[in-house]
Amino acid sequence: MRRMWWTLLVISLVMGGARPSDAQVRGTIFGPGAHSYPIAVSPLRNLSEGSAAANFGAQFADIVSADLNLSGFFKILDRAAYIEKPETSGYTADSINFDNWSVIGALALVKGAYSVSGDNVTAEVRLFDVYQRRQLAGVRYHGSLGELRRMANKFADEIMKQFSGERGPFDTRLAFVSTRDGKFKELYAMSPDGGDLQQVTKTQTINVSPSWSPDSRLLLYTSYKRGNPDLYELDFLSGREVLISSRPGLNLGGRFSPDGSKIALTIEDKGNADIAIVDRGGNLLRRVTDSWAIDVSPSWSPDGRRLAFTSNRSGAPQIYIVGVEGGEPRRVTFSGTYNTSPAWSPKGDLIAYVSRADGGFNLFTVKVDGSDTRQLTQAAGDNEDPSWAPDGRYMVFSSSRTGRKKLFVTDLTGSSQVQLTRVGGDDSSPAWSRWLE
Amino acid sequence: MAVRLRAVAVLGVILAVVSVGCSAKKKGAAAGAAGGGVGEEGLAPGSSLERYKQGTLGTGEEGPLKDIHFAFDSADLDEQARGLLRDDASWLKDHSRAKVEIEGHCDERGTVEYNLALGTRRAGAAKEYVVALGIPADRLTTISYGEELPLCHEHNEECWQKNRRVHFVVLGE
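Going along each chain's sequence as written, the residues are numbered from 1 onward. Whichever chain is written first becomes A and whichever ligand is written first becomes 1, with later ones labelled in order. Where totals are concerned, whole chains, interfaces and linings use all residues; where local detail is concerned, this predicted model gives features only for residues with pLDDT of at least 70, and gives and counts side-chain atom pairs only at 80 or more.

**A closer look at the overall build of chain A**
Phase 1: Note on conventions: DSSP H or I runs of at least 4 residues are helices, E runs of at least 2 residues are strands, and numbering of each starts at the N terminus. The helix and strand tally for chain A stands at 3 helices and 31 strands.
Phase 2: Every radius of gyration here is taken over C-alpha atoms, with the globule rule written as 2.2 Å times N^0.38, N being the number of residues. Relative to the globule expectation of 22 Å for 437 residues, the C-alpha radius of gyration of chain A, 23 Å, shows essentially globular dimensions.
Phase 3: Of all 437 residues assigned to chain A, the portion counted as buried reaches 52%.
Phase 4: Residues are treated as contacting if the C-beta atoms built from their backbones sit within 7 Å of each other. Taking contacts inside chain A between residues at least 6 apart in sequence as the whole, the part at least 24 apart equals 45%. Put plainly, a residue is buried at 20 or more neighbouring C-beta atoms within 10 Å of its own, exposed at 12 or fewer, and partly exposed in between, counting only other residues' C-beta atoms, which are placed from the backbone.

**Some points on the overall build of chain B**
Phase 1: A tally of helices and strands in chain B yields 6 helices and 4 strands.
Phase 2: In chain B, the order of α-helices and β-strands from amino to carboxyl end is α-α-α-β-α-β-α-β-α-β.
Phase 3: A total of 173 residues make up chain B; the buried ones form 43% of that total.
Phase 4: A sequence separation of at least 24 residues applies to 74% of the contacts in chain B between residues at least 6 apart.

**With respect to helix H1 (residues 56–71) of chain A**
Residues and elements named next belong to chain A.
Phase 1: Taking 1.5 Å of rise per residue, the 16 residues of H1 would be expected to cover 22 Å, and the 23 Å separating its terminal C-alpha atoms lies within 8% of that figure.
Phase 2: H1 sits mainly inside the fold: 12 of its 16 residues count as buried.
Phase 3: Of the residues making up H1, those classed as buried are Phe-56, Gly-57, Phe-60, Ala-61, Ile-63, Val-64, Ser-65, Ala-66, Asp-67, Leu-68, Leu-70 and Ser-71.
Phase 4: Directly after H1, the chain includes Gly-72, whose backbone phi takes a positive value near 80 degrees. To estimate how far a helix should reach, multiply one less than its number of residues by 1.5 Å.

**A closer look at the interface of chain A and chain B**
Phase 1: Counting residues at the interface gives 33 residues for chain A, matched by 25 residues for chain B.
Phase 2: Those elements giving two or more residues to the side of chain A that touches chain B turn out to be strand E11 (207–212), strand E15 (251–256), strand E16 (262–269), strand E17 (272–279), strand E19 (295–300) and strand E23 (339–344) of chain A.

**Brief notes about the sheet that holds strand E31 (residues 427–432) of chain A**
All names here are of chain A.
Phase 1: Two strands are said to pair when DSSP picks up at least two bridges between them. As summarised here, the arrangement of the 4 strands in space is E10-E9-E8-E31, forming an open sheet in which the pairing is antiparallel. Whereas interior strands pair on both sides, the edge strands pair on one side only; in this sheet they are strand E10 (198–199) and E31.
Phase 2: In terms of strand pairing, strand E8 (residues 174–178) meets E31 through 4 bridges, oriented antiparallel. Of the residues in E31, the one forming a bridge with Leu-174 is Trp-432.

**Some remarks on helix H3 (residues 148–164) of chain A**
Phase 1: Taking 1.5 Å per residue, 17 residues should reach 24 Å; H3 of chain A reaches 24 Å between its end C-alpha atoms and fits that length.
Phase 2: Here H3 of chain A lies mainly inside the structure; 13 of its 17 residues are buried.

**Points about the pairing of strand E2 (residues 37–41) of chain A**
Residue and element names in this part refer to chain A.
Phase 1: Bridge analysis of E2 against strand E4 (residues 74–76) gives 3 bridges, and the strand direction is parallel. Residue pairing across strands places Pro-38 opposite Lys-75, the latter belonging to E4.
Phase 2: Pairing of E2 with strand E5 (residues 108–117) involves 3 bridges; the strand directions are parallel. Bridge pairing in E5 links Ile-39 to Ala-108.

**Side note on the environment of Tyr-145 of chain B**
Residue and element names in this part refer to chain B.
Phase 1: Note on placement: Tyr-145 falls in strand E3 (residues 140–146).
Phase 2: By C-beta crowding, Tyr-145 is classed as buried, having 24 other C-beta atoms within 10 Å.
Phase 3: The contacts of Tyr-145, once residues within four sequence positions are left out, are Ser-48, Leu-49, Glu-103, His-105 and Gly-119.

**Re the sheet that holds strand E21 (residues 318–323) of chain A**
Phase 1: Taken together, the 4 strands give an open sheet; going across it, the order is E19-E20-E21-E22 (chain A), and neighbouring strands pair in antiparallel fashion. Each edge of the open sheet is held by one strand with a lone partner, namely E19 and strand E22 (326–331) of chain A. Between one strand and the next, the sheet's axes are offset by a mean angle of 30 degrees, whatever the strand orientation.
Phase 2: For E21 of chain A and E22 of chain A, the ladder comprises 3 bridges, and the chain directions are antiparallel. Within the sheet, the bridge partner assigned to Ile-321 of chain A lies in E22 of chain A and is Arg-330 of chain A.
Phase 3: Throughout, an axis means a line fitted to C-alpha atoms (over the contacting stretch in the case of helices), and angles, computed between N-to-C directions, take values from 0 to 180 degrees. Relative to the sheet, helix H5 (residues 112–132) of chain B contacts E19 and strand E20 (306–311) of chain A, its axis offset from that of E19 of chain A by approximately 150 degrees.

**So, the pairing of strand E7 (residues 134–144) of chain A**
All names here are of chain A.
Phase 1: Bridging between strand E6 (residues 120–129) and E7 involves 10 bridges; their strand directions are antiparallel. Bridge pairing in E7 links Arg-126 to Gly-138.
Phase 2: A loop of 4 residues connects E6 with E7, the two strands running antiparallel in sequence, and Arg-133 in this loop sits at a positive phi of about 55 degrees.

**Details of the domain arrangement of chain A**
All names here are of chain A.
Phase 1: The start and end points of each domain follow an automatic or database-based domain assignment. Taken as a whole, chain A is organised into domain 1 (11–164) and domain 2 (174–432).
Phase 2: In this assembly, 11 residues from domain 1 lie in contact with 12 residues from domain 2.
Phase 3: The set of elements that each furnish at least two residues to the side of domain 1 that touches domain 2 consists of H1 and H3.

**Quick notes on the packing of H1 of chain A against H3 of chain A**
All names here are of chain A.
Phase 1: Between H1 and H3, whose axes approach to 9 Å, the crossing angle comes to 45 degrees. Between H1 and H3, the angle is such that the two are oblique. The two elements H1 and H3 meet at a crossing, and its hand is right-handed. Residue-level inspection shows Phe-56, Gln-59, Phe-60, Ile-63, Val-64, Asp-67, Leu-68 and Ser-71 of H1 in contact with H3, the latter providing Leu-148, Arg-149, Met-151, Ala-152, Asn-153, Phe-155, Ala-156, Ile-159 and Met-160.
Phase 2: Any residue that is not Ala, Val, Leu, Ile, Met, Phe, Trp, Tyr, Cys, Pro, Asp, Glu, Lys or Arg is counted as polar, Gly included; the first ten are nonpolar and the last four charged. Tallied by class, the residues present in the contact of H1 with H3 amount to 12 nonpolar, 3 polar and 2 charged. Each angle is binned into one of four classes, with values under 35 degrees roughly parallel, values over 145 roughly antiparallel, values of 65 to 115 roughly perpendicular, and all other values oblique. Here a crossing is taken to be left-handed if its near helix is turned anticlockwise relative to the far helix by less than a right angle, and right-handed if that turn runs clockwise.

**Describing the nonpolar core**
Phase 1: Core analysis: the biggest nonpolar cluster contains 148 residues, and Phe-60, Val-64, Ala-106, Leu-219, Leu-307 and Ile-351 of chain A together with Val-100 of chain B have the highest contact counts within it.
Phase 2: No other element matches H5 of chain B, which puts 9 residues into this core. By definition, a nonpolar core groups buried Ala, Val, Leu, Ile, Met, Phe, Trp, Tyr and Cys residues that connect through C-beta atoms lying within 7 Å of each other.

**A look at the packing of helix H4 (residues 79–94) of chain B against H5 of chain B**
Residues and elements named next belong to chain B.
Phase 1: Interhelical geometry of H4 versus H5 gives an angle of 55 degrees and a closest axis separation of 9 Å. Comparing the axis directions of H4 and H5 gives the class oblique. Crossing of H4 over H5 shows right-handed handedness. Residue-level contacts link Arg-82, Leu-85, Asp-88, Ala-89 and Leu-92 of H4 to Ala-126, Tyr-129 and Val-130 of H5.
Phase 2: A breakdown of the residues in the contact of H4 with H5 according to their chemical character gives 6 nonpolar, no polar and 2 charged.

**Examining the confidence of the model for chain B**
Residues and elements named next belong to chain B.
Phase 1: Residue-level confidence of the predictor, termed pLDDT, takes values from 0 up to 100. Within chain B, residue pLDDT values average 79, and 74% of them lie at 70 or more.
Phase 2: Of the regions scoring below 50 in pLDDT, residues 1–43 engages in 44 contacts with residues more than four places distant in sequence or in other chains.
Phase 3: Our summary of model confidence lists the complex with pTM equal to 0.87 and ipTM equal to 0.90.

Okay, structure coming up:
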């Protein structure tokens, strides 16, 4: 079992005169999707005696590289081309020969070192501007060896912050359902870089629609394990599970409110699906919709005051917004005859959704006021189930573009779409957690 | 764990077989025994989920009641569906102690959650029609499996048409 606590000591090593705001490469010099900004990510140097955790430095670089590749900003330079070898070269601005990095085309460089003591590791990692020959950021991490992935993901988030002004989305978890281990959809979780995969359920029945609590510790999901599609809450770290809602019929698509105090879900009334809000114990707080039509898939606005949802009250499924107190919903999507799966951006401005268009299903975004509809995917299989990263700049989704359904990460324009999962079976319904704290 | 699950599955098969030969009273009780000794199963014997678990979905689930089919994204009953439901209703009148679970299913296209709701509508539409023909509502339960339990696995309209169905499971007579 993973440790429930995280004892990461972070000490900023940013040097005087090298504040992030001074970085020449910040802002809009390049955009996502270009995969154009050349960065070298060197394995960390091992300062420990002996061969304890000898792979730590290379694994750290692998994870950072995988994260940066997902971002769409960077071109990760091939490690085989690096002239400076980690075990024989410096890792501070004073001791790095930046000519060795500019000659292979690097504009940015990650170097660092680590030392291991028993189960604990201390790692110092720095980001350099190769052209200016100076440090942009540096962090010292201290934790157990098992927390390697979190340290690397945190540093990738820091690199993103240096280059774009906003923290990256990688110190997080992804939950999803997959048929990779059998014929039933079971729940899995993994790091956004694709590592640290955990099988969360082994129920041998239908499981759908995972979503995270705001503290990234609980998973809501719907399972048929008692025969009816009931809503469960799983404490992801302890494995403790609670039955939240087992009303006759649907108990589907549960989503925690942004403050974690309530759950919106789809329930069934007189043979029809409506949106309701329940408390953490599953007790009904209020019905949000009560129409003859199908109402499903609630998604909270970041301020917790409104819900986007899918309804076919116009005759075909479209995206609507309604206040959490109920009232008359406002339609948001007007193009396309089959629009579902709304996902409200954590920044609040956009709603991502899926539209049946061009003979398949594709990802779109629309502004909350219904304007500025944009298509993110096209002519590449069915693209469904968008879930926003906590930074509001990326989404994870499922796509059948390579055959079976696999998970992909896109930026919010669709210009960078990177495949995340590859093994057998269908992967679908991904849910991106908030940052781990 | 795997061993235990297999044991439960085998028990499920035995229960299903036993149920066929049981009295109506006993079967009715078994069908409602979600919280009983075999709790985790809690399924109608012969339900599509149970058949899928056993690897027999799509082979010989034809019972006395006929499946009906739907257009894409529709829970409307066409003339053919209504004709089949009239036949089903008359069978139910002749077997007045039979209880039935009505399953709503969808094809693979579209969203998992929306399709679960659409399956609910399909099952509900079939139930409503049969009730209107005089069958007591308390003999009929509904459940949606959305797009989760397809009979046919190819990605074409012929297959999708088979999967957009309402299926009836007779729980006991």
